[in-house]
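# Inside the fold
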Amino acid sequence: MSRKECCSICSKETEDGIFLLRVYICASCEQEMIQTSTDDPKYQFFVNQMAKAHRSMILS
């Protein structure tokens, strides 16, 4: 039985994802992040979400 985790990018609870430096990312966000080019405006959103998630992990 898998445990649901809350995605640090989209905040949805899923059982299918990865942990990157203790930050959980669902499979859907992972794929979107991989396919987003650095000149896409959504790229900065991903950078900001990851930074916010890492800051919260450091402070906890």
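First things first, this report covers the structure right here in the doc.

How each quantity is defined
- Think of each chain on its own: its residues are numbered from 1, step by step along the sequence as written.
- Selection of residues for local features in this predicted model requires a pLDDT of at least 70, selection of side-chain atom pairs for listing and counting requires 80 or more, and totals for whole chains, interfaces and linings are taken over all residues.
- Side-chain numbers come from the whole structure's heavy atoms, not from hydrogens or water.
- A strand pair is defined by DSSP finding two or more bridges across the two strands.
- Going along the chain from the N terminus, every DSSP run of H or I of four or more residues is numbered as a helix, and every run of E of two or more is numbered as a strand.
- Exposure is judged per residue with a 1.4 Å probe applied to protein chains only, and the accessible area is read against the type maximum: over 50% gives exposed, under 20% gives buried, and values in between give partly exposed.

Take the pairing of strand β3 (residues 17-20) next. The pairing of β3 with strand β4 (residues 23-26) spans four bridges and is antiparallel. Each residue of the ladder has a partner; that of G17, found in β4, is C26. Hairpin connection, β3 to β4: the antiparallel pair is bridged by two residues, and L21 has positive phi, about 50 degrees.

All right, on to the environment of S28 then. When you line up the elements, S28 lands in helix α1 (residues 27-35). The exposure class assigned to S28 is exposed, which follows from its relative accessible area of 52%. Residues S28 and T14, 14 residues apart in the sequence, show an inter-C-alpha distance of 9.7 Å.

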